[in-house]
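# Structural features, examined
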Amino acid sequence: MEWNKIEALLERYFEGLTTLEEEQALKTFFQGTNVPPHLESYRSLFGYFAQAKQERMTPPIQLKSRRNVFIGWLVAASVVVMLGIGFMTWNASSDAPQALAQTELGTYDSPEEAYAATQEALAMVSGHLNTGIESMGYLKEYENSKNQIFKQ
C-alpha cells in the first residue's frame, strides 16, 4: 500500500471514520516490514492490538471465605449485648430502694418550704441572667467602636 494512502487512513482512523476493512488494512500494514520511519511510532499501537487479541483470561483465583470470621464476630457481639442487658437488669433490680428515694427528692411537706426553695432557685437564675445582660454591655461598646472605625 502507498504511504500517502496509509497516512490518509491514519487520519480517518483517529477521527473514527474508518470501516472495519480499512482498520484491518492498517493492522496488516503495520505488522509488515515495509513501514516508513516517520510512521514507525504507530507500529506499537497496532502491534498492541494483535498482542491483546492473543491474550486469554486465566481462571479466577479462589479466595478463602470470610463468612466464618463474620459469624464469629456476630456471635461475640451478641454475647456482649446480652451480658450488658443482663448486667443493667440485675443492677436496676438491686438499686430499687435507692431509686425510690431519689424520686422523692423534689417534694416538700409544707407549702412554705416549697415557696422558699422556689424563691432561692429563681434568685440564682436571676443572678446568672443579670451576669449575661452585663456581658451584653461590652458587646454594645464593641459595636459602637466598630461603627466609628468602619463608617458605613
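Here the structure is shown first, and the text comes after it.
What you see as residue numbers is a count from 1 along each chain, following the sequence as written. Only residues with pLDDT of at least 70 get local features here, since the model is predicted, and only at 80 or more are side-chain atom pairs given and counted; chain-wide, interface and lining totals rely on the full set of residues. To obtain the side-chain values, all non-hydrogen atoms of the structure were used and water was disregarded.

### Examining the overall build of the chain
Helix and strand assignments follow DSSP, with helices taken as H or I runs no shorter than four residues and strands as E runs no shorter than two, numbered in order from the N terminus. Per the secondary structure count, the chain includes 6 helices and 0 strands. When the helices and strands of the chain are read in sequence order from the N terminus, they spell out α-α-α-α-α-α. Each of the 152 residues in the chain was classed as buried or not, and the buried ones make up 9%. Using a 1.4 Å probe, accessible areas were evaluated by the Shrake-Rupley method; residue-level cover was limited to the displayed protein chains. For the chain, the exposed area adds up to about 13800 Å²; of that, 62% sits on carbon and sulfur atoms. Summary of the burial criterion: residues with accessible area below 20% of their type's maximum are buried, those above 50% are exposed, and those between are partly exposed, where the area comes from a 1.4 Å probe applied to protein chains only.

### Some details on the side chain of Glu22
Within the secondary structure, Glu22 is located in helix 2 (residues 20-31). Under this definition, polar contacts are N or O atom pairs within 3.5 Å; protein pairs additionally need one hydrogen-donor-capable and one acceptor-capable atom, and for neighbouring residues in sequence, both atoms have to be side-chain atoms. One polar contact links Glu22 to Arg12, side chain to side chain, over a distance of 2.9 Å. Any two residues whose heavy atoms approach within 4.5 Å at even a single point are treated as in contact. The contacts of Glu22, once residues within four sequence positions are left out, are Leu9, Arg12 and Leu17.

### Things to note about a nonpolar patch on the surface
Residues forming no salt bridge and having over 30% relative accessible area are the ones grouped into patches, like charges within 9 Å of each other and nonpolar side chains (Val, Leu, Ile, Met, Phe, Trp, Tyr) within 5 Å. Within this document, salt bridges are pairs made up of a side-chain nitrogen of Lys or Arg and a carboxyl oxygen of Asp or Glu, the two lying within 4 Å of each other. Together, Phe70, Ile71, Leu74, Val75, Val79 and Leu83 make up an exposed nonpolar region whose accessible area comes to about 580 Å². Tracing the backbone shows Val79 in helix 4 (residues 67-94). The class for Val79 is partly exposed, based on a relative accessible area of 43%.

### A few points about the pattern of salt bridges
Considering all chains together, one arrives at 3 salt bridges under this definition. Taking the shortest distance from any N to any O, the salt bridge between Arg43 and Glu40 comes out at 3.1 Å. Between Glu143 and Lys146 there is a salt bridge, and its shortest N-O distance comes to 3.6 Å. Of this pair, Glu143 and Lys146 are both found in helix 6 (residues 111-149), 3 residues apart, which corresponds to roughly one turn of the helix. Overall, Glu143 belongs to the partly exposed group, its relative accessible area being 32%. Look at Lys146 and you get partly exposed, because its relative accessible area is 26%.

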